[in-house]
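These are the residues of each chain, in order.
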Amino acid sequence: MTYLTDHHDVCGSNGLPLTPNSIKILGRFQILKNITHPRLCQYIDISRGKHERLIVVAEHYKRNIHDFIGYLKFQIEANKHIFFITR
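Since we're looking at a predicted model, the values are computed, not measured.

### Re the overall build of the protein chain
Stage number 1. When helices and strands are counted, the protein chain shows two helices and three strands.
Stage number 2. Counting helices and strands in the order they occur from the N terminus, the protein chain gives β-α-β-β-α.
Stage number 3. Residue burial in the protein chain is summarised as follows: out of 87 residues, 9% are buried.
Stage number 4. Taking as baseline every contact in the protein chain between residues at least 6 positions apart, the subset at least 24 positions apart corresponds to 35%.
Stage number 5. Split by element, the accessible area of the protein chain, about 7900 Å² in all, is 60% carbon and sulfur.

Rendered as structure tokens:
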């Protein structure tokens, strides 16, 4: 995935240079990178390119939570139907 950050003012009101937005995001990304859980995709790495461009590398799984919820709803409806017939 590639993200472009907003451009920022070069200098603050005190005349000192400001930290670019992409640098701030790089620092915060390290927290996200350390989050691990068997049911979550993990962020692998982030890279800063030209013009405040950030490239994010993350895991990807074919199935997602939306698919899982749809499957559960189907199973619940099927079980209700079976319960009704057998009762």
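### Digging into the pattern of salt bridges
If charged atoms from side chains of opposite charge come close, those side chains can pair.
Stage number 1. Scanning all chains against the criterion turns up two salt bridges.
Stage number 2. D45 is paired through a salt bridge with K33; the nearest N and O atoms lie 3.8 Å apart. On the criterion of sequence distance, the pair formed by D45 in strand β2 (residues 43-48) and K33 in helix α1 (residues 21-33) is long-range, its members being 12 residues apart.
Stage number 3. The exposure class assigned to K33 is partly exposed, which follows from its relative accessible area of 26%.

### Topic: a nonpolar patch on the surface
Stage number 1. Residues I65, F68, I69, Y71 and L72 make up a contiguous nonpolar surface patch of about 490 Å² in total accessible area.
Stage number 2. With respect to the helices and strands, Y71 occurs in helix α2 (residues 65-86).

### A short note on the pairing of strand β3 (residues 53-58)
Stage number 1. Bridge count for β2 against β3 is five bridges, and the pairing is antiparallel. Looking at the pairing, I46 lines up with V56 of β3.

### Comments concerning the side chain of S22
Stage number 1. Following the sequence through the fold, S22 ends up in helix α1.
Stage number 2. One polar contact links S22 to R48, side chain to side chain, over a distance of 2.6 Å.

### Focus: the environment of V10
Stage number 1. With respect to the secondary-structure elements, V10 resides in the loop between β1 (2-4) and α1.
Stage number 2. Sequence separation between V10 and P20 is 10 residues, and the spatial gap between their C-alpha atoms is 8.3 Å.
Stage number 3. Setting aside anything within four residues of it in sequence, one finds V10 in contact with L16, P17 and L18.

The rules we used
Residues numbered from 1 in each chain as written. Predicted model: local features only at pLDDT ≥ 70, side-chain atom pairs only at ≥ 80, totals over all residues. Heavy atoms only, no water. Helix = DSSP H or I, 4+ residues; strand = E, 2+ residues; numbered from the N terminus. Buried < 20%, exposed > 50% of the residue type's maximum accessible area, 1.4 Å probe, protein only. Contact = heavy atoms within 4.5 Å. Areas by Shrake-Rupley, 256 points an atom, 1.4 Å probe, with all protein chains shown as cover. Salt bridge = Lys/Arg side-chain N within 4 Å of Asp/Glu carboxyl O. Patch = residues over 30% accessible without salt bridge, like charges linked within 9 Å, V, L, I, M, F, W, Y side chains within 5 Å. Pairing = 2+ DSSP bridges. Polar contact = N/O pair within 3.5 Å; in protein donor to acceptor, adjacent residues only side chain to side chain.

Geometric values such as these leave the question of function open.
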